[in-house]
Amino acid sequence: MKILVIHGPNLQLLGKRQPAIYGTSDLETINRELKRLASTHGVILTIAQSNHEGEIVSLIGKTKDQCDALLINPAAYTHTSVAIRDAIEASGLPAVEVHLSNMYAREPFRQHSLIAPVCRGQICGFGALSYRLGFEALVALSTTTPLGTTPPQRSRESARSRRPTRRKSSARRRTR
Ligand code: DQA
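Please read all numbers here as calculations on a predicted model, not as lab measurements.

**Q** Can you explain the overall build of the protein? Please cite residues and give values.
**A** Per the secondary structure count, the protein includes six helices and five strands. Ordered by position from the N terminus, the helices and strands of the protein form the series β-α-α-β-α-β-α-β-β-α-α. Evaluated residue by residue, the protein yields a buried proportion of 28% over its 176 residues.

**Q** An account of the site of the ligand is requested, with residue identities and associated values reported.
**A** As a matter of local geometry, the ligand sits amid N10, N73, A75, A76, T78, H99, L100, S101, M103 and R110. Residue composition of the shell around the ligand, grouped by class: four nonpolar, five polar and one charged.

**Q** I'd like a description of the nonpolar core, backed by residues and values.
**A** If you look at the biggest cluster of nonpolar residues, it comprises 33 residues, and the most contacted ones within it are L70, L71, I84, I88, A95 and V96. Every element with two or more residues in this core is listed here: β1 (2–7), α2 (27–41), α3 (53–63), β3 (69–73), α4 (82–91), β4 (95–99), β5 (121–124) and α5 (129–144). The residues touching L70, leaving out its near neighbours within four places in the chain, are L4, I6, I60, I88, L93 and A95.

**Q** Residue-level account of α5, with values.
**A** In an α-helix, one turn spans 3.6 residues; hence positions three or four apart end up facing the same way. When the terminal C-alpha atoms of α5 are compared, their 22 Å separation across 16 residues agrees well with the 22 Å that a helix rising 1.5 Å per residue should span. Here the buried face of α5 lies against β1, α2, β3, β4 and β5.

Criteria and cut-off values
- Residues numbered from 1 in each chain as written.
- Predicted model: local features only at pLDDT ≥ 70, side-chain atom pairs only at ≥ 80, totals over all residues.
- Helix = DSSP H or I, 4+ residues; strand = E, 2+ residues; numbered from the N terminus.
- Buried ≥ 20, exposed ≤ 12 C-beta atoms within 10 Å, placed from the backbone.
- Near = placed C-beta within 6 Å.
- Nonpolar A, V, L, I, M, F, W, Y, C, P; charged D, E, K, R; others polar.
- Core = buried A, V, L, I, M, F, W, Y, C linked by C-beta atoms within 7 Å.
- Contact = placed C-beta atoms within 7 Å.
- Expected span 1.5 Å × (residues − 1).

In C-alpha cells, the structure reads:
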C-alpha cells in the first residue's frame, strides 16, 4: 500500500508557530513518526509540504496513479480551496483530512472545510496524534473496503425522503 501525505501552507513552521495551538512537534518529527508507523505496516509513504495551491493540485494529479490513498492537512486551504477539493475528488483516491487543532473550537472562518465532503473522514484536534490516527484510519479502511471504492453517498434529497414522517398529535390513537 502506498500513501501520499500532503502538508499544506505554513506547516513547515510547526514547532515554532503558535505552539499553544499547534503543539511543539515540528514537521520533521511528525514525518519521522509517520515513516516509523508506515514501516511497521509495510506501507510506502510519499511525503510533501507545499505553500502553493497549484503545486498541491498538480501533485495530487501527478501522483494519483502511483498511490492508493491520500492523507492531507490542507491547512489554510481547507477553508478556501475549491481547486484542491476538485483535485481530490477527480483523483478518486480515498482521502483522510487531518488537522492538529480543533478547527470547530476556533474562529468561525476555520469552522468550515471545503475538503471534508470529498474525504472518507476528518480527524482534528489531537495535535500531532491526528496524523497518526489519520494514517491508521487509511490502513484500517484498506483492510475493510478495497480502497478506491467510494461508499455510496446519500443525497440530501434521498435522505429527506427516507426521514420518517411525524404523525400529527390529533391523529394519534389511544391504546388501552
Ligand atoms: C490547521 C488548521 C487551519 O485552520 C490552519 O490554517 C492551519 C493548520 C491545523 O492543522 O490545525 O494552518 O490545518
